[in-house]
Each structure stands twice: as structure tokens, then as C-alpha cells.
Amino acid sequence: MKTYLDDVKAVAALSLPWEKLEGCNILITGATGLIGSCLVEILMSREHRTYHVYASGRDVQRASAIFGALADDPNFHFFPYDVMLPLSGDVEFQYIIHAASGASPNCFASNPVEVIKANIIGVANLMDYGRTHGLRRLLYVSSGEVYGEGDGRDFTEDYSGYVDCTQPRSCYPASKRAAETLCVSYMAEYGIDAVIARPSHTYGPNFTASDNRVYAQFIRNVLRGEDIVMKSSGRQSRSWCYVVDCASALLHILLCGEGGRAYNVADDTSNISIRELAEMIASIAGRKVVVAAPSDEELKGFNVVSSATFDTSRLASLGWQAKGSMQEKMERVINRVKSGQ
């Protein structure tokens, strides 16, 4: 049976223009997060690499747990960094993948001001550093939440749905929209090349104990031997993407994408409702799904968008595609989390 690490190694072996990275320094912010950690694993899995990976994050203890096996690798460097602060130093980063963001719904409910500031100020700090330190391209990991509520069609990159900016929950999609505009504004005013990725809902093993995104809650439920507790009817339809497929897409965008453009990231074979997601995870673990009323605090973090499915033809034009079923990939995620590795 294939494992998560098998998938990581398969992406590292893809036929991409890796030569663009030769001799370069690559900064990945949010490196201890779900997507950032997977990117680090892929880049460090490549044989005969001549680039250096600089991983940054706020949690040094978590970084040690995730990247402990890389501690003695001369091409890997971790340093603690909060994107709310100006980046200092003299290292020239030719490529920056900016994946740092508070993406957990509990942050949207409890710290909406900090979410907004981090998303916007973080881009400014990295761009300002890059302007004087040889930056060739910044890849901004935005979010499919920028589309808000749509009209039922699959979201294309030129579509603009509805976001109610008077709701605190809009701290995330509204600031992601502003951060995207800031990226292309730096490109227009200062000539810094930038590309944008808009991932759909992404699932993978490296979530934190406090992450209350639905898939993480469901996996924690079944691994504790519990039934899955849903706090809504689960009728909302979403595009989902396995984190290794998402990281592969980001590398395609970084190395092959057109400057100034945004690219949707989703697996169009994984468009399911939250209820169907719960039932899938429950069936893998031999549990069942039950419904309970949400607390007032949980309601504040809910994404009320009824349908969010993505058109990925622009990404596919770069040569990217996802392979395998969501059920198989979810099994690999659960096995990885269960093993504690």
C-alpha cells in the first residue's frame, strides 16, 4: 500500500524545470503548517539538489518535531520568524513561497484583527525584503475563500463572488483578496515577479492539535475511537485537495506559472459535501457520524458559503494533474497521523 512519503517522493521526481532552483535560496514561510511542511519535505527529498531551503515559522518546538531528520542536512535551515515583523538579515532569497497564514476557523472567531494584519503586512514585509535581496519570484499562497459565495458555477480565476465585509468572519477572505492585490501592486510598481495560488480545502497529516478545520476534527475523532460529531447538516459542497497534490501544484505554479496570474488549486474528482467527507473518514475507521448543536463560539468561525467548487483548467495547462482517489489518499493521511510520524 502506498504511503504519504511515497507520494512526497513521487512529486520530487516529477519532470519540472528544477534547474531554475539550482544554486538558489528558497524561503518557505509557514513551514510548520500543513502545506508549508509538505513543500519542505518534497524539496528536501530531491536527489543531487544544489539549492538551500530556508524554512520559517513561529513554533520552534513543532519545527524540531517535524524537521528533526533534516537537522544535520547542510542544505536545510530553519529559523523562527513571525511575518508580522520586518524580515532582517543578509541572505538573498531568489524564491519565496509565502504560506504563512492563520487558516484555522478558531482564529477567525477569536483573533480577526490579527488574521487581517498578518495576511497583508506579511506580504509587505517579504516584498520589501525581496526588493533589496535579489528576489526573482514570490509565490503567494492565497485561498479559494477569496471567491466567497458564488452563483453555483465552478469558480474560475476571473470570477468574483460575494464576501460580506461587515462580518468578522470575513477577516480571512477579505484580507486574502487584499494581499493578492498587494502582490500584483508590488509587481506593477517595483517589478517584483509574483504568482498566486488559490488552494481549495486541503487535507493532510501535519495539522496541529488545535486545528479545528473539519477534516482535522473528524480525523481526531476517529483516532480517539469516537464517532464523528458534526456541528451542521454538512450540505455545503466543497472542492478538496490532498496536501501532496496541492504542494505539487504550487511547485508547478512557482516554476511554470505566468507572472501576475492566479491559479486555482483543487482536485476536481474530490468535490464532495462536508457530510460526505465525514462519512468517508468514519467508514475508513469503522465509526459513524452523529450531529450535535454548535456552540456560539464555533458558529462565529463557520464558513457559510453553500458551494465552493473550482475550475482548474488554468492549472492543468501547466502540466499538473492529481492522480488517485480521495478515499485512498485520506487513508494514507489517517495512517500517517496514526503512526505519529
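Residues numbered from 1 in each chain as written. Predicted model: local features only at pLDDT ≥ 70, side-chain atom pairs only at ≥ 80, totals over all residues. Heavy atoms only, no water.

S.K.: Which parts of the structure should I look at to understand the packing of aromatic side chains?
M.R.: Each aromatic ring pair is characterised by the separation of its centres together with the angle its planes make. Under the counting rule described, the total for this entry stands at 13 aromatic pairs. Both rings, one in F79 and one in Y81, keep their centres 6.3 Å apart while their planes meet at 35 degrees; by these two values the pair is tilted. Taking the relative accessible area as the measure of exposure, Y81 reaches 11% and is therefore buried. With 4.7 Å between their ring centres and 20 degrees between their planes, Y147 and F155 make a pair best called stacked. The class for F155 is buried, based on a relative accessible area of 1%. (Phe/Tyr/Trp six-rings, centres within 6.5 Å; stacked < 30°, edge-to-face > 60°. Buried < 20%, exposed > 50% of the residue type's maximum accessible area, 1.4 Å probe, protein only.)

S.K.: How should the packing of helix α5 (residues 112-131) against helix α6 (residues 171-190) be read in this particular structure?
M.R.: Between two packed helices, the angle of one axis relative to the other and the distance separating the axes together describe the packing. In the contact formed by α5 and α6, the axes pass within 9 Å of each other and the chain directions differ by 15 degrees. The angle between α5 and α6 falls in the class roughly parallel. Crossing hand, α5 versus α6: right-handed. Facing α5, whose interface residues are P112, V115, I116, N119, I120, V123, A124, M127, D128 and R131, α6 presents C171, Y172, S175, K176, A178, A179, L182, C183, Y186 and Y190. Per-class residue counts for the contact of α5 with α6 are 15 nonpolar, two polar and three charged. (Axes fitted to C-alpha atoms, helices over the stretch in contact; angles between N-to-C directions. Helix = DSSP H or I, 4+ residues; strand = E, 2+ residues; numbered from the N terminus. Parallel < 35°, antiparallel > 145°, perpendicular 65-115°, else oblique. Left-handed = near helix turned anticlockwise from the far one by under 90°. Contact = heavy atoms within 4.5 Å. Nonpolar A, V, L, I, M, F, W, Y, C, P; charged D, E, K, R; others polar.)

S.K.: Teacher, can you tell me more about unusual backbone geometry here?
M.R.: Excluding glycine, most residues fall at negative phi; most peptide bonds, likewise, are trans. Phi at H48 is positive, roughly 55 degrees, even though this residue is not glycine. As for its position among the elements, H48 is in the loop between α2 (34-45) and β2 (52-57).

S.K.: It is not clear to me how the pairing of strand β10 (residues 262-265) should be interpreted in this structure. Could you clarify?
M.R.: For a regular strand, side-chain orientation follows a simple rule: the groups alternate between the two sheet faces. Residues A262 and N264 point to one face of β10 and Y263 and V265 to the other, with burial holding for every one of them. When strand β6 (residues 194-199) meets β10, the two strands line up parallel, connected through four bridges. Bridge pairing in β10 links A197 to Y263. (Pairing = 2+ DSSP bridges.)

S.K.: How should I be thinking about the state of the cysteines in this particular structure?
M.R.: Covalent bonding between the sulfur atoms of two cysteines is what defines a disulfide. Evaluated as defined, the whole model comprises zero disulfides. We note that C107 lacks a disulfide partner, and the nearest cysteine sulfur, in C171, lies 8.7 Å from it. Just so you know, C241 is unpaired, no disulfide at all, and the nearest cysteine sulfur is the one on C246, 5.2 Å from it. (Disulfide = S-S within 2.5 Å.)

S.K.: I tried to follow the pattern of salt bridges on my own but got confused; where do I start?
M.R.: Pairing is possible between side chains that carry opposite charge, provided their charged atoms lie close to one another. Taken as a whole and judged by the stated rule, the model has 17 salt bridges. Between D7 and K2 there is a salt bridge, with its nearest N and O atoms 3.4 Å apart. Given a relative accessible area of 6%, D7 falls into the buried group. A salt bridge links E279 to R275, with the nearest nitrogen and oxygen atoms 3.0 Å apart. (Salt bridge = Lys/Arg side-chain N within 4 Å of Asp/Glu carboxyl O.)

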